[in-house]
Amino acid sequence: MKKQFFLFFTLVIFFIQACGAGVSSEPVEVEGGVLVPPVAESSEAAIPLAGSAGASAEVPALCDGANADKAAEFVAEVIRLTNVERKKVGAVAVTAQAQLTQAAQTHSIDMACNQFFSHTGSDGSTPFQRIFRFGYTYASAAENVAAGYATPADVVKGWMASTGHKANMLNKNFTEIGIGYVFINQGYFNYWTMVLAKPK
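Residues numbered from 1 in each chain as written. Predicted model: local features only at pLDDT ≥ 70, side-chain atom pairs only at ≥ 80, totals over all residues. Heavy atoms only, no water.

### Things to note about the confidence of the model for the chain
Stage number 1. The predicted model of the chain averages 78 in pLDDT, with 72% of residues at 70 or higher.
Stage number 2. For the stretch residues 1-26, pLDDT sits under 50, and the model shows 51 contacts to residues farther than four places along the chain or on other chains.
Stage number 3. Here residues 34-54 is a poorly scored stretch, pLDDT under 50, and it has 47 contacts once near neighbours within four places are set aside; other chains count. (pLDDT = per-residue confidence, 0-100. Contact = heavy atoms within 4.5 Å.)

Put into structure tokens, the structure is as follows:
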């Protein structure tokens, strides 16, 4: 089973990666998610982007064997369950936002179709670069990813059981959300991305 742990504190990124042989259908998470604040916008231009801030990128097509048949239903339920948890701590409900949804779905497709599990895209992109690609300008942002969870209830429960993911989900600064979900019949099968943000 592969496990990757990412801890992001302020502007300093600590990276630890441990890889074992083979893959598993057991649920896995990236511990700690990506914690705000993000790196400065100027440094996000280091990697060439499919689009730029203010421009509109496109969500890639699904690869052979991948489908998003349940995506709309699952996205709505993850948002609902997230808001149930946010209400418990007095945080305002987050609302679905199209550009964040596109960024999240793009990353879930990338992870599923290229069979990897990370906050870093197959093109080397960061979560924040993916948000910029779809023209979204944020004051603060965060990303959670997960793989192997078959239902919205399971993935929300998994994220809530992880300190970093939970902190992102319950962060009172965030007002908007995007969820990505893809199923593919290999690897961890179910690939999830949650992007939370507060617009500038």
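Picking up where we left off.
### Things to note about the state of the cysteines
Stage number 1. One pass over the full model with this rule turns up one disulfide.
Stage number 2. Disulfide partner of C63: C113, at an S-S distance of 2.1 Å. With the S-S dihedral at roughly -90°, the linkage between C63 and C113 falls on the left-handed side. Separated by 50 residues along the polypeptide, C63 in the loop between β3 (28-29) and β4 (66-67) and C113 in helix α2 (residues 98-114) bring together distant segments of the chain. (Disulfide = S-S within 2.5 Å. Helix = DSSP H or I, 4+ residues; strand = E, 2+ residues; numbered from the N terminus.)

### Brief notes about the pattern of salt bridges
Stage number 1. In this structure the tally under the stated criterion is four salt bridges.
Stage number 2. Between E85 and K88 there is a salt bridge, with its nearest N and O atoms 3.4 Å apart. Remark: K88 and E85 occur in helix α1 (residues 71-88); sequence separation between them is three residues, near one turn of the helix.
Stage number 3. In this structure E85 comes out as buried when scored by relative accessible area, which is 19%.
Stage number 4. You can call K88 exposed: its relative accessible area is 61%. (Salt bridge = Lys/Arg side-chain N within 4 Å of Asp/Glu carboxyl O. Buried < 20%, exposed > 50% of the residue type's maximum accessible area, 1.4 Å probe, protein only.)

### Details of the environment of S118
Stage number 1. The residue S118 is located in the loop between α2 and α3 (127-133) in this model.
Stage number 2. Here S118 falls in the buried class, since its relative accessible area comes to 9%.
Stage number 3. C-alpha of S118 to C-alpha of N144: the two residues are 26 residues apart in sequence and 9.9 Å apart in space.
Stage number 4. Polar side-chain contacts of S118 include one of 2.9 Å to the backbone nitrogen of T120. (Polar contact = N/O pair within 3.5 Å; in protein donor to acceptor, adjacent residues only side chain to side chain.)

### Brief notes about the packing of α1 against helix α4 (residues 152-160)
Stage number 1. Contact pair α1 / α4: the axes reach a minimum separation of 9 Å and the direction vectors enclose 40°. Overall, the two elements α1 and α4 adopt an arrangement that is oblique. In this structure, α1 meets α4 at a crossing whose hand is right-handed. Residues F74, E77, V78, L81, T82 and E85 of α1 form the contact with α4, whose own contacting residues are P152, A153, V155, V156, W159 and M160.
Stage number 2. The class makeup of the residues in the contact of α1 with α4 is nine nonpolar, one polar and two charged. (Axes fitted to C-alpha atoms, helices over the stretch in contact; angles between N-to-C directions. Parallel < 35°, antiparallel > 145°, perpendicular 65-115°, else oblique. Left-handed = near helix turned anticlockwise from the far one by under 90°. Nonpolar A, V, L, I, M, F, W, Y, C, P; charged D, E, K, R; others polar.)

### Describing the packing of aromatic side chains
Stage number 1. By the definition in use, this model includes eight aromatic pairs.
Stage number 2. Taken together, a centroid distance of 6.2 Å and an interplanar angle of 65° make the contact between F117 and Y188 edge-to-face. With F117 in the loop between α2 and α3 and Y188 in the loop between β7 (176-184) and β8 (190-199), the pair connects residues that are 71 residues apart, well separated along the chain. Y188 shares its class with F117; the two are buried.
Stage number 3. Ring geometry for F183 against F189: centres 6.3 Å apart, planes inclined by 20°, an arrangement best described as stacked.
Stage number 4. When its relative accessible area of 25% is taken as the criterion, F183 is described as partly exposed.
Stage number 5. One aromatic cluster is present, built from ring pairs that chain together F74, Y181 and W192. (Phe/Tyr/Trp six-rings, centres within 6.5 Å; stacked < 30°, edge-to-face > 60°.)

### Quick look at the pairing of strand β6 (residues 138-147)
Stage number 1. Burial runs high along β6: nine of the ten residues are buried.
Stage number 2. Pairing geometry for β6 and β8, over nine bridges, is antiparallel. Paired with A141 across the bridge in β8 is A197. (Pairing = 2+ DSSP bridges.)

### Observations concerning unusual backbone geometry
Stage number 1. A positive phi is found at Q115, a non-glycine position, where the angle reads about 50°.
Stage number 2. Tracing the backbone shows Q115 in the loop between α2 and α3.

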